[in-house]
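For reference, the chains in residue letters:
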Amino acid sequence: MVRIAHYINQFFAGIGGEDKADAPFEIREGAVGPGRAIEMELGNDGEIVQTLVCGDNSFHADPDANIAAVIAAVAESKPDLLIAGPAFNAGRYGLACAAVATAVTEQLGIPAVTGLFPEAPAVDVYQSRTVMVPTGDSAGTMKDAIEAVVKVGLRLAGGDALRPAVEDGRIPMGYRRACVTDVPVARRATDMLLAKLGGDSFQSEVTLPELAEPIPPAAAVVALSQATIALVTEGGLVPEDNPDRIESSSATKWARYPISQLEKNENPRFKSIHAGYDSQWVDADPDRMVPLDALSALAADGVIGNVHEYFYATSGTGTTVSHAERMGDEIAKQLISDGVHAVLVTST
Amino acid sequence: MRQPFSLTMHTIEVGDVVVGDTTGVIDGTLTIDAEEVASLVLEDDRISGIEVDIARPGESVRIVHCLDAVEPRTKLGDGSIFPGFLGEMETVGSGETLRLSGVSVLTSSLFPQPFSGLLQAREAVVDMSGDAAAYSPFSRVINLVLVLTPNPDIENDDYDDAIRRAGLKVGDYIAKQAIGNEPDDTTVWDFSEKNPDLPNVVYFYQMQSQGRMADTFLYGKEIHNLVPTIIHPNEVIDGAVVSGNYVYACYKNPTYLHQNNPIIWELQSRHGKDLNFAGVIINRGHNYTQAEKERSSLWAAKLAGFIGADGAILTPEGGGNAAIDMMLACQYMEQAGIKTTVVSSEAAGTDGFDFPLFFTVPEADAIVSIGSEDEIIPHPKVERVIGGDTLLVDGMSAIGPFDLKMYFHYCGASQVGGNVLMGREF
């Protein structure tokens, strides 16, 4: 029989509504309120060993302390599963349920599940970290919500791994994994094409993202002859022993190297570690990737002020969007703090 | 098309491979005379050594440094199976071909000279059992592994050619020794009759060809400067296309997967039932500039129109660069009224949270996912490693245990559908 801890707020514990939202954290033995319906749904498969109750205002007045109290209680009772809510479309209650479920999973390694309306505020905040099943927007859908929570909860309590969100009936956590399937790729592709040709419904296995927000270009450089220009490349140009271990593909790292070293190009020599283009011509002459020769000539002629003392490098092949955005952000901040006015970015 | 393009494909199913005195198939067991195979390979003095080994599904065996793989096939009667490499130049895709199914001739080797940059043979691993076995089509066939040692005095390009010919030659040789066996299956590949009530489906088959170690050969010639071209499906499966692509283990289509391209075999099995297989368009991916990518994609869309395609299935070979070429072709076909499905690998990062595609167009509304290149797969310690002691990945010991990105798995992200995987949202 699966032993379950259940978290609810003051309303579902029968203490009262908004006027009792400052009810402090307390622990009750056995099932309370919706916990009884959960036990009905569980039948002989499980029982609620303790109910953790906290008023919504009280929880958010000091979330850290209340989460610590939940963790202490659950660490002692050692349930197989924590169920929080379901909280439907509630704002504060939903956030409390998701926070409690997340903390119990992450800190104690005990599976936890909550039920939320997919547009509830807590979904955005905790989606990637918490097992959530979708519910209706009000307690009027309690019966269905409990059925869904119990179904997923029992599986996790039994030690099963998560299945794809659609199979589990969960709100997606937002990550993707390769799964072995019954239907070969070629059959799926052909079936999908024939459905499309026949005007039948079909489900793409990857859905396209909303378009990223365009990044407005920076204002033009006012006085080029006074400007400090930096060189930045995704062409993988690094000292030949690659001291910063920048990855040849799917890079997560960037580094900067003194332009004076690149100018000498001996001890260390520079070479490209990029895995996505034929780099022999860059290795033979790094100016082909990072055009220091041309930029230095412009500086000597007074067309630009000067060349920034470092150049920045990563390798741009197979890099995920989030790492690319982070690296771009980090490099840009460093450049700004070093007083760089403009950047020449060379790519492959 | 006035060629007959009626190909009779005889299949002998191989259930086991063993080393013995003479090469041949008896009751589904392929016996290999290892010395004979070795002397055949060593006729080429660019290869200085060979070990012949066998890896079967379910064994605690890991194969490393995998290069090309070939299904043993030969022509019955006149004709050569890999024109441009073996025998005379001719058009394949008709006559009779004998194949041994369930077995591959897999070459494994290091190269004589050091590499730099893109154009190098990177690590490619096959596990014959355990979790990682789901990520290679070669975990599900018996591999006759040719572990080759290069003549140290030759250049990499020359050795690359020697390896390719060794695999093709051994494949042809083994199949020849099975001539006379009763086939388990005989299928006629003929698409000359089309049912006007069924949709015409074309296969847009994109291949990587950027230079040595990243090449695909069409009738013996690299396709670097190929504009998209129409080819009969029978030609593809009958040896017109040969791989020399070793740069990204997970994406590459070895010769075996050209011979057994799952999309082509699926369309063949459904021809006349729920579609007409209208043809194959080969596209060279990894075009260098935006203009070249658009030129090539527009050309492919145009050809699809020429052959009356109602729909197209598109597959790439490679990562982000290849995805752009394929997606543009998808866009131009859709704009020309040709419905498409595209097959794509995913690259959502090791934790799977990133957006999984490198490049998309709004028209790509029907995407089949073959899984991820970024996932980290646990590899157990194995009893035996074939091909070397050390991975070409940070000097890791090949015997395991280790965690390794799918990226280094031989055909782990096979975009022609070599595996039975799907990227799913969790």
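Residues take numbers from 1 onward in each chain, read along the sequence in its written order. Each chain is given a letter, starting from A, and each ligand a number, starting from 1, according to the order in which they appear as written. Reporting in this predicted model follows two pLDDT cut-offs: at least 70 for local features of residues, and 80 or more for side-chain atom pairs to be given and counted; totals over whole chains, interfaces and linings ignore these cut-offs and use all residues. The side-chain values count all of the structure's non-hydrogen atoms but skip hydrogen atoms and water molecules.

### A look at the overall build of chain A
Part 1 of the reasoning: Secondary structure counts use DSSP, requiring at least four H or I residues in a row for a helix and at least two E residues in a row for a strand, with both numbered from the N terminus. From N to C terminus, chain A includes 12 helices and 13 strands.
Part 2 of the reasoning: Across its three principal directions, the C-alpha atoms of chain A cover 80 × 55 × 35 Å.
Part 3 of the reasoning: We call a residue buried when its accessible area falls under 20% of the maximum for its residue type, exposed when it is over 50%, and partly exposed in between, using a 1.4 Å probe and counting protein chains only. Taken over 348 residues, chain A has a buried fraction of 47%.
Part 4 of the reasoning: Residue contacts are defined here by distance: any two heavy atoms, one from each residue, within 4.5 Å place the two residues in contact. The long-range share in chain A, meaning contacts at least 24 apart out of those at least 6 apart in sequence, stands at 72%.
Part 5 of the reasoning: Using the Shrake-Rupley algorithm and a 1.4 Å probe, accessible areas are obtained, with residue cover drawn only from the displayed protein chains. When the accessible surface of chain A is totalled, it reaches about 16,600 Å², and 52% of it is carbon and sulfur.

### Some points on the overall build of chain B
Part 1 of the reasoning: For chain B, the helix and strand inventory stands at seven helices and 26 strands.
Part 2 of the reasoning: In terms of overall size, chain B behaves like a compact globule, its C-alpha atoms giving a radius of gyration of 21 Å where 426 residues would be expected to give roughly 22 Å.
Part 3 of the reasoning: In terms of overall dimensions, chain B has a C-alpha envelope of 55 × 50 × 40 Å along the principal axes.
Part 4 of the reasoning: Considering chain B as a whole, with its 426 residues, one finds that 64% of them fall into the buried category.
Part 5 of the reasoning: Partitioning the contacts of chain B with sequence separation of at least 6, the portion at a separation of at least 24 is 80%.
Part 6 of the reasoning: Counting only carbon and sulfur atoms, one obtains 48% of the accessible surface of chain B, whose full area is about 14,200 Å².
Part 7 of the reasoning: For the purpose of counting charges, residues Lys and Arg are taken to be positive, whereas Asp and Glu are taken to be negative. His and the chain ends are not included. Note on charges: their place is set at NZ of Lys, CZ of Arg, CG of Asp or CD of Glu. Taking the average place of the 28 positive charges on the side chains of chain B and the average place of its 60 negative ones, the gap between the two points comes to 4 Å. For a compact globule the rule gives 2.2 Å times the number of residues to the power 0.38, and the radius of gyration it is set against comes from C-alpha atoms.

### Side note on helix 3 (residues 63-77) of chain A
Residue and element names in this part refer to chain A.
Part 1 of the reasoning: Between the first and last C-alpha of helix 3 there are 21 Å, a value that for 15 residues agrees with the 21 Å anticipated at 1.5 Å per step.
Part 2 of the reasoning: Listed in full, the buried residues belonging to helix 3 are Asn66, Ile67, Val70, Ile71, Ala73, Val74 and Ser77. In a view along the axis of helix 3, the buried residues occupy a sector of 165°, so they form one face of it. Away from its buried face by more than 90 degrees, helix 3 exposes Asp64 and Glu76. Given the number of residues in a helix, its expected span is that number minus one, multiplied by 1.5 Å. Directions drawn from the helix axis to the C-beta atoms are what define this arc.

### What to know about the domain arrangement of chain A
Part 1 of the reasoning: Here chain A is partitioned into domain 1 (2-168) and domain 2 (224-346).
Part 2 of the reasoning: For domain 1 of chain A versus domain 2 of chain A, the distance between C-alpha centres works out to 50 Å. What fixes the domain bounds is an automatic or database domain assignment.

### Overview of the pattern of salt bridges
Part 1 of the reasoning: Here, a salt bridge means any Lys or Arg side-chain nitrogen found within 4 Å of an Asp or Glu carboxyl oxygen. Under the definition given, this model contains 39 salt bridges over all chains.
Part 2 of the reasoning: Note that A:Glu330 and A:Arg326 form a salt bridge whose closest N and O atoms lie 3.2 Å from each other. With A:Glu330 and A:Arg326 both in helix 12 (residues 321-337), this residue pair falls four residues apart, about one helical turn.
Part 3 of the reasoning: Residue class for A:Glu330 comes out partly exposed when judged on its relative accessible area of 31%.
Part 4 of the reasoning: Residue B:Asp274 pairs with B:Arg270 through a salt bridge whose shortest N-O separation is 2.9 Å.
Part 5 of the reasoning: One continuous salt-bridge network, built from bridges that share partners, spans B:Asp160, B:Arg164, B:Arg212, B:Asp215, B:Lys221 and B:Glu222.

### Comments concerning the packing of helix 1 (residues 34-42) of chain A against helix 6 (residues 142-157) of chain A
All names here are of chain A.
Part 1 of the reasoning: Here an angle of 0 to 180 degrees is reported between the N-to-C directions of two axes, which are lines fitted to C-alpha atoms, with helices fitted over the stretch in contact. Here helix 1 crosses helix 6 at 60°, and the two axes come no closer than 10 Å. Between helix 1 and helix 6, the angle is such that the two are oblique. Seen from above, helix 1 lies across helix 6 with right-handed handedness. Residues Pro34, Ala37, Ile38, Glu41 and Leu42 of helix 1 form the contact with helix 6, whose participating residues are Met142, Ile146, Glu147, Val150 and Leu154.
Part 2 of the reasoning: Three categories are distinguished: nonpolar for Ala, Val, Leu, Ile, Met, Phe, Trp, Tyr, Cys and Pro, charged for Asp, Glu, Lys and Arg, and polar for the others, with Gly belonging to the last. Among the residues making up the contact of helix 1 with helix 6, the classes are represented as eight nonpolar, no polar and two charged. In these notes the angle categories are as follows: under 35 degrees is roughly parallel, over 145 is roughly antiparallel, 65 to 115 is roughly perpendicular, and the rest is oblique. Crossing handedness is defined as follows: a turn of the near helix away from the far one that is anticlockwise and smaller than a right angle gives a left-handed crossing, while the clockwise case is right-handed.

### Topic: unusual backbone geometry
Part 1 of the reasoning: Omega for the bond connecting A:Gly85 with A:Pro86 falls within 30 degrees of zero, at 10°, which places this linkage in the cis form.
Part 2 of the reasoning: Inspection of the secondary structure assignment puts A:Pro86 in strand 4 (residues 81-88).
Part 3 of the reasoning: For the peptide bond that leads from B:Gly400 to B:Pro401, omega is 0°, which places it in the cis range.
Part 4 of the reasoning: Of note in the backbone geometry, A:Phe88 takes a positive phi value of approximately 55° without being a glycine.
Part 5 of the reasoning: Tracing the sequence through the fold places A:Phe88 in strand 4.
Part 6 of the reasoning: The exposure class assigned to A:Phe88 is buried, which follows from its relative accessible area of 3%.
Part 7 of the reasoning: Residue A:Asn267 is not a glycine yet carries a positive backbone phi of 50°.
Part 8 of the reasoning: Within the secondary structure layout, A:Asn267 lies in the loop between helix 9 (259-264) and strand 11 (270-272).

### A short note on the sheet that holds strand 8 (residues 228-233) of chain A
All names here are of chain A.
Part 1 of the reasoning: Strands are treated as partners if at least two bridges between them are detected by DSSP. Overall, mixed pairing links the four strands, which are arranged 10-12-8-13 in an open sheet. Bordering the open sheet on either side are strand 10 (255-258) and strand 13 (342-346), each of which pairs with just one other strand. With strand direction ignored, the average angle separating the axes of adjacent strands in the sheet is 30°.
Part 2 of the reasoning: Sheet strands touched by helix 11 (residues 292-300): strand 8 and strand 12 (306-313). Its angle to strand 12, the strand with the most contacts, is close to 160°.
Part 3 of the reasoning: With respect to the sheet, helix 12 is in contact with strand 8, strand 10, strand 12 and strand 13, its orientation differing from that of strand 12 by roughly 160°.

### Some points on the sheet that holds strand 6 (residues 131-134) of chain A
All names here are of chain A.
Part 1 of the reasoning: The mixed open sheet is built from six strands, whose spatial order is 2-3-1-4-5-6. Looking at which strands have only one partner, the edges of the open sheet turn out to be strand 2 (26-29) and strand 6. Each adjacent strand pair in this sheet contributes to an overall mean axis angle of 25°, direction not counted.
Part 2 of the reasoning: Both strand 2 and strand 3 (residues 46-54) contribute to a ladder of four bridges, which runs antiparallel. Looking at the pairing, Arg28 lines up with Thr51 of strand 3.
Part 3 of the reasoning: Contacts from helix 6 reach strand 1 (2-9), strand 4, strand 5 (112-116) and strand 6, with the element oriented near 155° to strand 4.

### A look at the packing of helix 8 (residues 185-197) of chain A against helix 5 (residues 262-270) of chain B
Part 1 of the reasoning: Between helix 8 of chain A and helix 5 of chain B, whose axes approach to 9 Å, the crossing angle comes to 55°. Relative to helix 5 of chain B, helix 8 of chain A is oriented oblique. Considering the relative orientation of helix 8 of chain A and helix 5 of chain B, their crossing is right-handed. Residues A:Ala186, A:Arg187, A:Thr190, A:Asp191 and A:Leu194 of helix 8 of chain A form the contact with helix 5 of chain B, whose participating residues are B:Pro262, B:Ile263, B:Glu266, B:Leu267 and B:Arg270.

### Quick look at the environment of A:Asn267
Part 1 of the reasoning: A relative accessible area of 78% places A:Asn267 in the exposed class.
Part 2 of the reasoning: Placed 110 residues apart in sequence, A:Asn267 and A:Ala157 show a C-alpha to C-alpha distance of 59 Å.

### Points about a negative patch on the surface
Residues and elements named next belong to chain B.
Part 1 of the reasoning: Patch definition: residues with relative accessible area over 30% and no salt bridge; like charges joined within 9 Å; nonpolar side chains (Val, Leu, Ile, Met, Phe, Trp, Tyr) joined within 5 Å. A contiguous patch of negative charge, built from Glu13, Glu182, Asp184 and Asp185, is present on the exposed surface.
Part 2 of the reasoning: Assignment of secondary structure puts Asp185 in strand 13 (residues 185-189).
Part 3 of the reasoning: Take Asp185: its relative accessible area is 35%, and that puts it in the partly exposed class.

### Considering the interface of chain A and chain B
Part 1 of the reasoning: In this assembly, 55 residues from chain A lie in contact with 67 residues from chain B.
Part 2 of the reasoning: For the pairing of chain A and chain B, the buried interface totals around 4,900 Å² over both sides, and the portion due to carbon and sulfur atoms is 61%.
Part 3 of the reasoning: Here chain A is connected to chain B by seven salt bridges.
Part 4 of the reasoning: Across the salt bridge formed by A:Lys196 and B:Asp365, the nearest N and O atoms sit 2.6 Å from each other.
Part 5 of the reasoning: For this analysis, a polar contact is any N or O atom pair within 3.5 Å, provided that within protein one partner can donate a hydrogen and the other can accept it, and provided that sequence-adjacent residues contribute only side-chain to side-chain pairs. Joining chain A to chain B, the criterion identifies 29 residue pairs in polar contact (both at pLDDT 80 or more).
Part 6 of the reasoning: Mapped by element, the contributors of at least two residues to the side of chain A that touches chain B are helix 7 (165-168), strand 7 (176-180), helix 8 and helix 12 of chain A.
Part 7 of the reasoning: A breakdown of the residues in the side of chain A that touches chain B according to their chemical character gives 26 nonpolar, 15 polar and 14 charged.
Part 8 of the reasoning: Of the pairings in the sheet, the one linking strand 7 of chain A to strand 26 (residues 421-425) of chain B comprises five bridges and is antiparallel in character. In the sheet register, A:Arg176 faces strand 26 of chain B, and the bridge partner there is B:Glu425. Put simply, buried area is the surface a 1.4 Å probe can reach on two separate parts but cannot reach once they are joined, added for both.

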